[in-house]
Amino acid sequence: MQTQQYLSMLNDSKVPIGYSGVCKMLNCKIILAKILPCITDHIAPYSPIFFSSKYQLFFYFHHTGSIGLYYREEEQVFQILERAKLRYVGSPPTGRSL
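What you see is a predicted model; the values in this text were computed from it and never measured.

**Q** Which residues make up helix α2 (residues 28-40), and what values go with them?
**A** Residues that lie three or four places apart on an α-helix share one face, since the helix turns once every 3.6 residues. Over its 13 residues, α2 extends 17 Å from the first C-alpha to the last, a length consistent with the 18 Å expected when each residue adds 1.5 Å. Residues Cys-28, Ile-31, Leu-32, Ile-35, Leu-36, Pro-37, Cys-38 and Ile-39 constitute the buried set of α2. The first or second residue beyond α2 is His-42, which carries a positive phi of 60 degrees.

Next up, the structure:
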């Protein structure tokens, strides 16, 4: 189900299957809600490079669970990662270690 929602989101956005270029995120909350479960469960088949102009970051992920981040402001990235940890791991944020 999670993979289907992720792939449907890409298809609805006219992103071709296997595309590895950049995709601008217009609504981070919706996109991350669909992507993070796929990352944490290691079930997403591929990832374009996502870009958020609001957070000034690029990220991609691999089906093995590895994530690549390129960012301008470190603090914003840690805020995003801590939110993801709280939501999908279930433990309260404890600094910057994930």
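**Q** How would you explain unusual backbone geometry if you had to name every residue and give the values?
**A** The phi angle at Lys-14 is positive, at roughly 65 degrees, despite the residue not being glycine. Looking at the secondary structure, you find Lys-14 in the loop between α1 (2-12) and β1 (22-24).

**Q** I'd like a rundown of the confidence of the model for the chain, residues and numbers included.
**A** Summing up the model confidence of the chain, the mean pLDDT is 79 and the portion of residues at 70 or higher is 90%. Highest mean pLDDT in the chain belongs to β1 (91); lowest belongs to helix α3 (residues 74-88) (77).

Definitions and cut-offs
Every chain begins its residue count from 1, and numbering advances along the sequence as written. In keeping with the model being predicted, local features are shown solely for residues with a pLDDT of at least 70 and side-chain atom pairs are shown and tallied solely at 80 or more, while totals for entire chains, interfaces and linings include all residues. To obtain the side-chain values, all non-hydrogen atoms of the structure were included, while hydrogens and water were left out. Each helix is a run of DSSP H or I of at least 4 residues and each strand a run of E of at least 2, with the numbering of both proceeding from the N terminus. To estimate the expected span of a helix, count its residues, drop one, and scale the result by 1.5 Å. A simple rule labels every residue: compare its accessible area, found with a 1.4 Å probe on the protein chains alone, to the largest value its type can have, and call it buried under 20%, exposed over 50%, or partly exposed in between. Scored from 0 to 100, pLDDT reflects the predictor's confidence in each residue.

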